[in-house]
Amino acid sequence: MFVKNMKTSVIRTLETDQKGEYRVFGLAPDADYELYAEYGLRPFSAEMWLIATIIAVLLAPFFTRRSNVVCALVSLVGLFAAFVSTLVIGVSGNVIGSHFRGLLVADHFSVMWKLMLLLFVMGIILMWFSIVASHMHEGDGPEFFTLLLGATLGMCLMSQTSNLLMLFMAVE
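Residues numbered from 1 in each chain as written. Predicted model: local features only at pLDDT ≥ 70, side-chain atom pairs only at ≥ 80, totals over all residues. Heavy atoms only, no water.

### Considerations on the pattern of salt bridges
Oppositely charged side chains may form a pair once their charged atoms are brought near each other. What the rule picks out here adds up to one salt bridge. Here Lys114 ties to Glu47 by a salt bridge, and the two come within 3.2 Å at their closest N and O atoms. One end of the pair, Lys114, is in helix H3 (residues 108–131); the other, Glu47, is in helix H1 (residues 45–59), with 67 residues separating them in the sequence. In this structure, Lys114 and Glu47 share a single accessibility class: buried. (Salt bridge = Lys/Arg side-chain N within 4 Å of Asp/Glu carboxyl O. Helix = DSSP H or I, 4+ residues; strand = E, 2+ residues; numbered from the N terminus. Buried < 20%, exposed > 50% of the residue type's maximum accessible area, 1.4 Å probe, protein only.)

So this is what it looks like as structure tokens:
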């Protein structure tokens, strides 16, 4: 929870207990306050799935022989999980708004771009199976899919940025 003093623009952070209740002490009686809450990482579940998928793709060659195909399948599963989480969480109205102190914005437009991007990348991986999979050297797949998923993560963040600095960070 955040309490913003409208006169001085000072923001105080409050922790809620396990029931979601909070107490505020020491507020000046002559000032107006704005109270708001953030939903943490819930609006960014697709990005969390992409990060977990990148880690899984990097670890897959240690456990399999045919790492290219396994990495492609892990990437598809992770992208599908990100797509489903975006559909389920992204269209609910209670996560729409500004997050991370205004650096990222979750809105219907960014959800639409994120869904289109995830579908497009899933299509790229499916095309990889039919065109490139037989010609790629074994062991090059983890690098390719890590770069592809990393670029996808950056583009998902770029679709939600409201700050030029965050746009630059997403490109990196």
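### Notes on the confidence of the model for the protein
Mean pLDDT for the protein: 80, with 76% of residues reaching 70 or above. Of all helices and strands in the protein, the one with the weakest mean pLDDT is strand E4 (residues 97–99) (62), whereas H1 scores best (91). (pLDDT = per-residue confidence, 0-100.)

### Here we look at the nonpolar core
Considering soluble globular proteins, one finds that nonpolar side chains tend to be buried as a cluster. Core analysis: the largest hydrophobic core is formed by 25 residues, its most contacted members being Leu50, Leu79, Leu118, Ile125, Phe145 and Leu149. Counting residues per element, the ones that place at least two in this core are H1, helix H2 (67–90), H3 and helix H4 (141–158). Tallying contributions element by element places H3 first for this core, with eight residues. (Core = buried A, V, L, I, M, F, W, Y, C linked by side-chain atoms within 4.5 Å.)

### Some remarks on the side chain of Ser75
Relative to the helices and strands, Ser75 resides in helix H2. Within polar-contact distance, the side chain of Ser75 engages the backbone oxygen of Cys71 at 2.8 Å. When near neighbours in sequence (up to four residues on either side) are disregarded, Ser75 contacts Thr53, Val57, Ile125, Phe145 and Leu149. (Polar contact = N/O pair within 3.5 Å; in protein donor to acceptor, adjacent residues only side chain to side chain. Contact = heavy atoms within 4.5 Å.)

### Points about the packing of aromatic side chains
By the definition in use, this model includes four aromatic pairs. Ring geometry for Trp128 against Phe129: centres 5.3 Å apart, planes inclined by 70°, an arrangement best described as edge-to-face. Owing to a relative accessible area of 30%, Phe129 belongs among the partly exposed residues under this scheme. With a centroid separation of 5.0 Å and 70° between ring planes, the pair formed by Phe144 and Phe145 is classed as edge-to-face. (Phe/Tyr/Trp six-rings, centres within 6.5 Å; stacked < 30°, edge-to-face > 60°.)

### Observations concerning the side chain of Thr86
As for its placement among the helices and strands, Thr86 is situated in helix H2. Since its relative accessible area comes to 4%, Thr86 is described here as buried. Reaching out from Thr86, the side chain makes a polar contact with the backbone oxygen of Ala82 at a distance of 2.8 Å.

### Observations concerning H3
Given a rise of 1.5 Å per residue, 24 residues ought to cover 34 Å, and the 34 Å separating the end C-alpha atoms of H3 matches this to within 8%. Turning to H3, its buried residues number three or more, namely Ser110, Val111, Lys114, Leu115, Leu117, Leu118, Val121, Met122, Ile125 and Trp128. (Expected span 1.5 Å × (residues − 1).)

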